[in-house]
Number of protein chains: 2
Amino acid sequence: MLMRVLDEALKLVEPTKEEREKVDKIAELAFNLVKDASKEFKEIKEIVFGGSYAKDTWISNDVDIDIFAKVDVNTDNERFEYIGRNLGLLALKDYKPYLKYAQHPYVEAIIEGIKINVVPCYDVKQGEWKSAADRSIYHTQFINDNFDEEKRREVRLLKRFMKTINVYGAEISVNGFSGYVCEVLILKYNTFINTLNNAKDFKEKTVISIYNYDKSLLDLFDTPIIIIDPIDNKRNLGAAISSNSLARFILASRKFIDNPSIKFFKQLSINPNRDLRKQVLVIKFSYRDRSDDIVWGEAKRSLRAITKQLQLHDFKVIRSACHVDIDNTVILFAILLEELIISKYYIREGPKIFAKDNSNKFLAANKDAEMIWLDDDRLKALKIREYNNTEEFLKMLLKEKLEQSGIAKGLIDDIRKGFVIYRDNFEERLINEIVDHITGTDELYL
Amino acid sequence: MLMRVLDEALKLVEPTKEEREKVDKIAELAFNLVKDASKEFKEIKEIVFGGSYAKDTWISNDVDIDIFAKVDVNTDNERFEYIGRNLGLLALKDYKPYLKYAQHPYVEAIIEGIKINVVPCYDVKQGEWKSAADRSIYHTQFINDNFDEEKRREVRLLKRFMKTINVYGAEISVNGFSGYVCEVLILKYNTFINTLNNAKDFKEKTVISIYNYDKSLLDLFDTPIIIIDPIDNKRNLGAAISSNSLARFILASRKFIDNPSIKFFKQLSINPNRDLRKQVLVIKFSYRDRSDDIVWGEAKRSLRAITKQLQLHDFKVIRSACHVDIDNTVILFAILLEELIISKYYIREGPKIFAKDNSNKFLAANKDAEMIWLDDDRLKALKIREYNNTEEFLKMLLKEKLEQSGIAKGLIDDIRKGFVIYRDNFEERLINEIVDHITGTDELYL
C-alpha cells in the first residue's frame, strides 16, 4: 500500500523530460539576460543559479528560477540595494519585471508562466555573512555535494507533503519548513518515509543536526524544534517554524504512516461547520503595498492584539485567523466566538468585610452598581458591562482605541482609513475561504 | 444625634408598665398550669422560667415565655421525650397546644397572642450536660447574677438591632446571634454602642471571652468568630453564626456608627432591581412537616448542591437563596443567573501533539465534535453542551439525577412528588419576596 502510494506520488512530483527541457530553456534564457545586464554593474563578480532549480530539487509544475548576483563584499548597502533593484529590472525589462522586498529589494518576473527571481547577495566566505541571501550559495553547494538522485526524489516527496498540509515555506505567512529544511531532513533521515517515522515521535524541543554540534549553543534556541544549519552551526533553521506548523507536520506524519494515501500529495479536504458561521466576525481593510513578510508579520501581531483585547473584555474567542491578500492588498481578520453577544452583567469582587478601609472604598466606588451584596463575608457588586456586543466592541476598538489596542503601528493608518466588519454575509470569495478555514475541521484530524 | 436615636430606640424596645403586667399575668397563668400538670410526672423535679422572660431581656411586643421542666438526671431518653411531648400538651390543653421539634420534642401554644414554650431539660450540675436545653437554666442564672437594669436596656437595643438587620437567632434559618450571645456581648462591652464600636473592627476569627480562657481550646473552634460561653469554656457560641451573619453585623455596625438612624431599630429597606428578574428561576415544592431546623438545614444544603451542579455545567450563578415556609410547608429555591441560556458550544482542551498516545485517544474520542483543530501545538475540540438552558437543566437534575445531585436525602422524596419552576411569573407573595431579596440591594450597603 505504502509503496503504491509513493510510486503514484513520485509521478506527481518528478518533472518529466519535456518539463525539464522547457524549464532549462527558460532558465538559460533568463540567466543569459541577467549575465548580460550584470556587465553594467562593476561590483557584480558572478551570476549563479540558486534555490531548488540549482539543487534540482524542484517539484513538477512548481518551480521558481532563482538567479543570484554575487556582489563584491566591499560594496556599501545603498549600492547593494541599487543593484538589487536595477539588475533585474534591466535584465528582464521585456517581461514586466516588478520589485519585491525581503531583507533587501529584488526583482521578479514571469516568463512563460515560470517565476524568475533575480536576487543580489554578497560574495562572502563561509560564515562571514553580510546579507540574508549570502548563505544560499553555500546551501546550494552543500546540497549538491551531498545529494544523489535518490535523495532528490525523497526531498520532492517531502516538499509536496509539506505543501499539501500547508506547512511548506519559511515566510511569515506560513511559518513552516523551507525547501532547505526539507533537504536537511532528508540528509538526516535518508528517506521521506523515515523522516515521517521520526517526526511522528518528535518531542518538544527535538534537536536535529547532521553533524555534531556545540550543545552550549542550544540555550540560544528557544523554539519548538531546533534544526542546526549544517553550514553554520550558530543558526537554527527551526526558528522560522511555528509550533502550529510543527504540530501539523507531526500529526500528518502519524496519519500518513497509519494510513498512507495519495491525498497527502494532492489535497486534503476541509469540512466547515455551517452552524458556526453565525458566530464569526470578519474584519477587512486595505493596506499600502509593502514587503509581504512585513505585512504578514504586522497582520499576525495585530490579530493577536485584537484577540487579547476581546478576551480582556470577556468575549470568548474560539479561533481566529488572518489572511493577507497580496493581489488585492487586503487584510482579513476572522474571529470565531463562543457567542457574539455576552451577558450584560459582570460581577465585581470586593474585599472581605473585615478589611474596613477597602470595604468602605468598595461600597463608595460601587454606588451606581446594579446590586451590591455580601456573598458570605465578601462584598460583591453587579455591574453593567460597557460592551457586551462583540461587533460594537470591535468597532469601538478599531476607531477610538486604535493606538492603545496593540495593533501593529504599520497598520494603524490603514485601519484608520476604513474597515468593514462582516457578519452572516460571507459570500465574497476571500471571506468565504477564511470563514471556512476557522469553522472547519481539516481532514488531517479525522 | 446618637443620643436622640438611642432614646427613641429605647422607647421602641422597653416594655411599658401595662405590657409587663399583661405578660406577667399570662406567664403566671401558664406557669401554674405547667406546675399542676407536672405532678403527673414523678421525674419532674422543678418548673422554672427560662429564656428572655426569666432574664427580663425581652423586647416590647416581642416576647416568648419559656417554661422549663427540670427532669431527674436518671430518666432515660424515651421517657424524657415522653415528658417533653405530654407535659405541655396536658398543661396547655385548653390553648390548642402543638408539638415542635428541636433536639427533643417540646410543646408550644399561644395564649392571648403570646407564645408559650414548654421545654424539658435535665436537672444536671453545671458542665454535666445531657440535653441541649440543660445549659439554659445556667445561662439564665448567670445573666441574672451579672445584669443590672442598665445592661438589660443595652441588650434590648442590641437584640432589636440584630433583628432589623436579619441576624438575630441561632436557628439554622438565620445562623445568627442568639439572645444569649447578645447578652454575653453586652457583658463583654458594657453598652450597645460600645459593642458596635468593637464589632466594626472585628477581624477574621476574633475571639470574645468574658473570662480568661484556655487558648489551646481555640484550635477546636474553626468558625468566623469565636465566642466562649462563660458558663462552659469548651463551648463556642460563635459556632451557630454564619460568616454572612457576622459580616452583616460588622457592616451594620460601621453604618450605624457613621450615621446613627432609628431605621436600624425599625426596618431597613431593600431596593430590588427589576431588570434582574429576567434572569431568576425559582423552584418550589412542598415538604413533609418536620423540625424547622432539620428542614432548613436540608434546604440550605440542597441549594448549595444545586448551585454547584449549575456551576459544574458552566451556568453562572450570581446569587441564590432558599426559604422554608413553615406555614405552608413549602420550600423555595431562588437562583439569579448571569444568563438563563448559555452558549451551545464548549471547548474541550486536548493534549499537546507531542503526547502521541493521548493525542490519538483525543482524536478518536472526539470524532463527533463540531470541530477539531490545533491551537498552536495543542489539540482542541468544539463540542455541543448537553444543556445550555438553565431551566431545562434544572428539570433534568430534579427528575433524572435527583439521587446523584447532592440534594439532601430528606428532601428527595418531597421533590420527587413534584416541583414547579417559575420564570418571569413571580406574582405569588412568597415568590415575589424571595426574588426581591436575591435581586435587591439592602439599604445596609448604600
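Residues numbered from 1 in each chain as written. Chains lettered and ligands numbered in written order. Predicted model: local features only at pLDDT ≥ 70, side-chain atom pairs only at ≥ 80, totals over all residues. Heavy atoms only, no water.

Considering the pattern of salt bridges
Counting across every chain of the model gives 88 salt bridges over all chains. Residue A:Arg423 is joined to A:Asp424 by a salt bridge in which the shortest nitrogen-to-oxygen separation is 3.5 Å. Where B:Lys200 meets B:Asp201, a salt bridge forms, and the shortest distance between an N and an O atom there is 3.2 Å. The structure contains a network of salt bridges with shared partners spanning A:Lys45, A:Glu46, A:Lys70, A:Asp72 and A:Asp123. (Salt bridge = Lys/Arg side-chain N within 4 Å of Asp/Glu carboxyl O.)

What about the relation of the copies chain B and chain A?
Here chain B sits on chain A after a turn of 180° about the axis and a move of 0.0 Å along it, with an RMSD of 0.1 Å. Such a turn and shift between the copies fits a two-fold axis. Scanning chain B for the C-alpha nearest the rotation axis identifies B:Ile342, at a separation of 4.4 Å. When the interface residues of chain B are mapped onto chain A, 100% of them again lie at the interface, so the same face is used by both copies. (Least-squares fit on C-alpha atoms with pLDDT ≥ 70 in both. Contact = heavy atoms within 4.5 Å.)

Concerning the packing of helix α6 (residues 149–164) of chain A against helix α7 (residues 179–189) of chain A
To describe two helices that pack against each other, one gives the angle between their axes and the distance between the axes. Residues and elements named next belong to chain A. Where α6 contacts α7, the axes come no closer than 9 Å and their chain directions differ by 130°. With respect to their mutual orientation, α6 and α7 come out oblique. α7 is crossed by α6, and the crossing has right-handed handedness. The residues of α7 that touch α6, namely those facing Lys 151, Glu 154, Val 155, Leu 158, Lys 159 and Met 162, are Gly 179, Cys 182, Glu 183, Leu 185, Ile 186 and Leu 187. Tallied by class, the residues present in the contact of α6 with α7 amount to seven nonpolar, one polar and four charged. (Axes fitted to C-alpha atoms, helices over the stretch in contact; angles between N-to-C directions. Helix = DSSP H or I, 4+ residues; strand = E, 2+ residues; numbered from the N terminus. Parallel < 35°, antiparallel > 145°, perpendicular 65-115°, else oblique. Left-handed = near helix turned anticlockwise from the far one by under 90°. Nonpolar A, V, L, I, M, F, W, Y, C, P; charged D, E, K, R; others polar.)

Concerning the pairing of strand β7 (residues 225–229) of chain A
Residues and elements named next belong to chain A. A large share of β7 lies buried, amounting to five of its five residues. Pairing analysis gives three bridges linking strand β6 (residues 206–208) to β7, with the strands arranged parallel. Directly across from Val 207, in β7, lies its bridge partner Ile 226. Hairpin connection, β7 to strand β8 (residues 232–236): the antiparallel pair is bridged by two residues. (Buried < 20%, exposed > 50% of the residue type's maximum accessible area, 1.4 Å probe, protein only. Pairing = 2+ DSSP bridges.)

Comments concerning the sheet that holds strand β11 (residues 317–325) of chain B
Residues and elements named next belong to chain B. The antiparallel open sheet is built from four strands, whose spatial order is β11-β12-β10-β16. Of all strands in the sheet, those with a lone pairing partner are β11 and β16 (420–422), marking the two edges. Averaged over all neighbouring strand pairs, the angle between strand axes comes to 15°, with direction disregarded. By the bridge criterion, seven bridges tie strand β10 (residues 280–286) to strand β12 (residues 330–337) in an arrangement that is antiparallel. What sits directly across from Leu 281, in β12, is Ile 335. In this fold helix α14 (residues 429–438) packs onto β10, β11, β12 and β16, with an angle of close to 145° to the strand it touches most, β11.

Structural notes on the packing of helix α5 (residues 134–146) of chain B against helix α7 (residues 179–189) of chain B
Residues and elements named next belong to chain B. For the pair α5 and α7, interaxial distance at closest approach is 11 Å and the crossing angle is 30°. The angle between α5 and α7 places the two elements in the roughly parallel class. Considering how the two elements wind past one another, α5 and α7 form a crossing that is left-handed. On the side of α5, the interface is formed by His 139, Phe 142, Ile 143 and Asn 146, while α7 contributes Tyr 180, Glu 183 and Leu 187.

What to know about the interface of chain B and chain A
At the junction of the two partners, chain B supplies 53 residues and chain A supplies 53 residues. Both sides of the chain B and chain A interface together cover about 4700 Å² of buried area, and 56% of this is carbon and sulfur. Where chain B touches chain A, the interface holds eight salt bridges. Here A:Arg385 makes a salt bridge to B:Glu338, at a shortest N to O gap of 3.9 Å. One can count 20 residue pairs in polar contact (both at pLDDT 80 or more) joining chain B with chain A. Looking at the side of chain B that touches chain A, the elements with two or more residues in it are α9 (243–258), β11, β13 (345–352), α11 (356–365), β14 (371–375), β15 (378–384) and β17 (440–442) of chain B. The leading source of residues in the side of chain B that touches chain A is α9(B), at nine residues. (Buried area = accessible area lost by both parts, 1.4 Å probe. Polar contact = N/O pair within 3.5 Å; in protein donor to acceptor, adjacent residues only side chain to side chain.)

Overview of the domain arrangement of chain A
Residues and elements named next belong to chain A. Segmentation of chain A into domains returns domain 1 (17–128), domain 2 (147–265), domain 3 (272–341 + 388–445) and domain 4 (345–384). A separation of 30 Å is found between the C-alpha centroids of domain 2 and domain 3. Each partner contributes residues to the interface: domain 2 has twelve residues there, and domain 3 has eight residues. Buried surface at the junction of domain 2 and domain 3, summed over both partners, amounts to about 880 Å²; 55% is from carbon and sulfur atoms. Counting across the domain 2 and domain 3 interface gives two salt bridges. One salt bridge connects Arg 248 with Asp 442, and the closest N-O pair in it is separated by 3.2 Å. On the surface where domain 2 and domain 3 come into contact, there are six residue pairs in polar contact (both at pLDDT 80 or more). (Domains from an automatic or database assignment.)

Examining the environment of A:Phe221
The topology assignment puts A:Phe221 in the loop between β6 and β7. Each C-alpha atom, one on A:Phe221 and one on A:Val420, is 40 Å from the other, the two residues being 199 residues apart in sequence.

Focus: the pairing of strand β4 (residues 105–111) of chain A
Residue and element names in this part refer to chain A. By the criterion of burial, β4 is predominantly enclosed, with six of the seven residues buried. Hairpin remark: strand β3 (residues 98–101) followed by β4, antiparallel, with three residues in the connecting loop. In this sheet, strand β5 (residues 114–122) lies alongside β4 in antiparallel orientation, the contact comprising five bridges. When the bridges of β5 are listed, Glu 108 appears paired with Asn 117.

A closer look at unusual backbone geometry
For A:Lys96, which is not glycine, the phi dihedral falls at a positive 50°. Take A:Lys96: it is sitting in the loop between α4 (77–91) and β3. Exposure remark for A:Lys96: the relative accessible area of 72% places this residue in the exposed category. A positive phi is found at B:Asn61, a non-glycine position, where the angle reads about 65°. Considering the arrangement of structural elements, one finds B:Asn61 in the loop between α3 (51–55) and β2 (64–71). Classification of B:Asn61 as exposed rests on a relative accessible area of 71%.

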